[in-house]
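This is what each chain is made of:
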2 protein chains.
Amino acid sequence: MSTDTDTGTDSGGADRVPFEPIQPVRAYQRVAEQIEERILGGELPPGSRLPAERELVKQFAVGRSTIREALRVLQSSGLIRSRPGDPQGAEVLGVSPDNLSQALARLARSSLSGLGELVQFRMVLEAESYRLAARLRSEDDLARMTALVDLMEEAAPARPRAFSEADADFHRAVAEASGNALLALCARAVHDAVVGVIEGKLTGSGGDAGEWMRRSVAHHRQVLAALRTGDAHRAAHLGRRALYEHYAEFVAPEERELLRAALDD
Amino acid sequence: MSTDTDTGTDSGGADRVPFEPIQPVRAYQRVAEQIEERILGGELPPGSRLPAERELVKQFAVGRSTIREALRVLQSSGLIRSRPGDPQGAEVLGVSPDNLSQALARLARSSLSGLGELVQFRMVLEAESYRLAARLRSEDDLARMTALVDLMEEAAPARPRAFSEADADFHRAVAEASGNALLALCARAVHDAVVGVIEGKLTGSGGDAGEWMRRSVAHHRQVLAALRTGDAHRAAHLGRRALYEHYAEFVAPEERELLRAALDD
DNA sequence: CCAGGCAACTGGTCAGACCAGAAGATCTTC
DNA sequence: GAAGATCTTCTGGTCTGACCAGTTGCCTGG
């Protein structure tokens, strides 16, 4: 295993960094780097505009295809967005989490990790998110979450879309209260990935939607109570437990051990 | 907050999904999607080769610039790699965590999430990784880890490169033992991002490297012992504690609360 | 049998052209 | 004068054809 970067046991013995093999740097790459640098550096703030492609051609003194490939790279990283016909040039979006969720989704999709790992990872992230939120939440956060759970209860069986919207907002509020945007983003990305995989498997298998929503609301109320009293341990446990119960049936039996290992602490 | 996707409380009241606004799909995008689909789907496994660009032009019936922009997107996602003059065409790399760490690094660089969040996230991931490893590790895993810690001790003060190589390998082994590749990849990505940010700040501030290595070895031995006895709680605690002690000084004071909240459980 | 060189690829880049879309200016009509 | 239709001129998206610099492998001359 770990056949990559096996420079660990250098034959030479001398622990000196060898000369790096010089590798050609493509023109489009340097263009992309320059623009990315300006975006990340604060010049070119989100909302501002890049010059038109033909103008960039003049400024960088390269062909248009080079410029376009550079812009494509930046666009696929979510840093800019371009619209045909826009006379103002490409729009700077700034750094966004979309790229991260995209990368996570790819990792999840590749058979590199099965549903078991995905759910296990989500258990970890969500539980820790709860744990932190229980410690750091403000009264304001609590009020907002309470309102969202109320919203879920109202929408209970009749409006599934409103229900899941409120559900997602609740989790976003928790993540916000936990104070860690990164954790929130990853949790959301993994959530999306799990939902994507589950949808793949035939989800028609029984299950009363109304009953499920009712239980979900009850669960959220429990979590909310734990967050209110600052019981970090209990909040984390609730999060793990709920995910386990909800998803264990979808996970292949040989992967269940993973989930059980992640269950208690 | 949460101004995005605010279709939650639809004015219409009817909980029906509205027609989606049709948006033009660029040609390069569809080309990229088709190729990505094949890579993620398992055809075109890592190591295989894409047809030459001029061949793809014929197969997709589009211009070469379109093909090239599509390949650029895939390349910036880390899915393929192309080398000028390679008569075999672009190489399929498969899904890799590099893109993830790149996205994380960008998020970290943009003030969107500071070093505090990054370290906190790493505390969470590493602790959970330890926790799972303590439950699921095999004797084989333990033997491998022991060997790696021994390697660290040997390389102790004289060969820092070998030391950090063994260190990285140890963490990789732990992640492997935890049975969750996703967790491992994220942990690695966050690790890289943290290192990148720390390097940005002037790292010259004192600190005896030899002493630090010695303590690091001791810490790894403790973790190893906890993993051996299956003490999940202790292993997780050790991981959190070590990260906190190692990085707290670099984190801005107003962000330290984040770390402290993540510290104990 | 081997080395040097040639030929046939490859990807990287450039130049120029055309198209459809968007936006503002201009013109027409009431 | 104001509202609407048209026009101009920009934009990005795409295609074509060309050239360059590498890489590879065959192939010939030793």
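Above this text sits the structure in question.
What this report covers is the structure whose coordinates are included nearby. Because the structure is a prediction, the values reported are computed rather than measured. (Residues numbered from 1 in each chain as written. Chains lettered and ligands numbered in written order. Predicted model: local features only at pLDDT ≥ 70, side-chain atom pairs only at ≥ 80, totals over all residues.)

**With respect to the overall build of chain A**
Looking only at helices and strands, one finds 11 helices and two strands in chain A. For chain A, the N- to C-terminal ordering of α and β elements is α-α-α-β-β-α-α-α-α-α-α-α-α. With 265 residues in all, chain A has 40% of them scored as buried. Within chain A, contacts between residues at least 6 apart in sequence are counted, and of these 71% link residues at least 24 apart. (Helix = DSSP H or I, 4+ residues; strand = E, 2+ residues; numbered from the N terminus. Buried ≥ 20, exposed ≤ 12 C-beta atoms within 10 Å, placed from the backbone. Contact = placed C-beta atoms within 7 Å.)

**Brief notes about the protein's contact with DNA strand D**
In the vicinity of DNA strand D there are 24 residues, among which Ala 52 of chain A together with Ala 27, Gly 63, Thr 66 and Gly 85 of chain B approach most closely. If you list the elements that add at least two residues to the surface near DNA strand D, you get helix 2 (53–60) of chain A together with helix 1 (27–40) and helix 3 (64–76) of chain B. Per-class residue counts for the surface near DNA strand D are nine nonpolar, seven polar and eight charged. (Near = placed C-beta within 6 Å. Nonpolar A, V, L, I, M, F, W, Y, C, P; charged D, E, K, R; others polar.)

**Section: the interface of chain B and chain A**
With 56 residues of chain B in contact, the opposing surface of chain A contributes 58 residues. Every element with two or more residues in the side of chain B that touches chain A is listed here: helix 3, helix 4 (98–109), helix 5 (115–136), helix 7 (160–177), helix 8 (181–200) and helix 11 (256–263) of chain B. At 10 residues, helix 5 of chain B tops the list of elements feeding residues into the side of chain B that touches chain A. Each residue belonging to the side of chain B that touches chain A can be placed in one class, and the counts come to 26 nonpolar, 14 polar and 16 charged.

**Some points on the environment of Arg 109 of chain B**
With respect to the element layout, Arg 109 of chain B can be found in helix 4. Once the C-alpha coordinates of Arg 109 of chain B and Ala 193 of chain B are considered, the two residues, 84 residues apart in sequence, prove to be 8.9 Å apart.

**What about the protein's contact with DNA strand C?**
Around DNA strand C sit 24 residues, and of these Ala 27, Gly 63, Thr 66 and Gly 85 of chain A together with Ala 52 of chain B come closest. Those elements giving two or more residues to the surface near DNA strand C turn out to be helix 1 (27–40) and helix 3 (64–76) of chain A together with helix 2 (53–60) of chain B. Tallied by class, the residues present in the surface near DNA strand C amount to nine nonpolar, seven polar and eight charged.

**Re the relation of the copies chain B and chain A**
Overlay of chain B on chain A (RMSD 0.8 Å): rotation 180 degrees, translation along the axis 0.0 Å. Here the two chains are linked by the operation of a two-fold rotation axis. A shared interface surface links the copies, since 95% of the contact residues of chain B are contact residues in chain A too. (Least-squares fit on C-alpha atoms with pLDDT ≥ 70 in both.)

**Things to note about unusual backbone geometry**
Even without being glycine, Leu 44 of chain A reaches a positive phi, approximately 55 degrees. Tracing the backbone shows Leu 44 of chain A in the loop between helix 1 and helix 2.

**Some thoughts on the packing of helix 9 (residues 209–229) of chain B against helix 10 (residues 232–247) of chain B**
Helix packing for two helices is described by the angle between their axes and how far apart those axes are. Residue and element names in this part refer to chain B. Two elements in contact, helix 9 and helix 10, have axes separated by 8 Å at closest approach and are oriented at 160 degrees. The angle between the axes of helix 9 and helix 10 places the two elements in the roughly antiparallel class. Judged by the sense of rotation from one axis to the other, the crossing of helix 9 with helix 10 is left-handed. Residues His 219, Gln 222, Val 223, Ala 226 and Leu 227 of helix 9 form the contact with helix 10, whose participating residues are Arg 234, Ala 235, Leu 238, Gly 239 and Ala 242. When the residues that make up the contact of helix 9 with helix 10 are grouped by side-chain class, the tally is six nonpolar, three polar and one charged. (Axes fitted to C-alpha atoms, helices over the stretch in contact; angles between N-to-C directions. Parallel < 35°, antiparallel > 145°, perpendicular 65-115°, else oblique. Left-handed = near helix turned anticlockwise from the far one by under 90°.)

**A short note on the environment of Arg 221 of chain B**
All names here are of chain B. The residue Arg 221 is located in helix 9 in this model. What makes Arg 221 partly exposed here is the crowd of 15 C-beta atoms within 10 Å. When the C-alpha positions of Arg 221 and Ala 156 are compared, they lie 14 Å apart, and in sequence the two are 65 residues distant.

**Quick look at the nonpolar core**
Where a protein is soluble and globular, its nonpolar side chains tend to be buried together. Core analysis: the biggest nonpolar cluster contains 148 residues, and Leu 104, Cys 186 and Val 190 of chain A together with Leu 100, Leu 104, Cys 186 and Val 190 of chain B have the highest contact counts within it. When residues of this core are assigned to their parent elements, the largest contribution, 13 residues, is made by helix 5 of chain B. Those residues in contact with Cys 186 of chain A that lie beyond four places of it in its chain are Leu 104 and Leu 125 of chain A together with Cys 186 of chain B. (Core = buried A, V, L, I, M, F, W, Y, C linked by C-beta atoms within 7 Å.)

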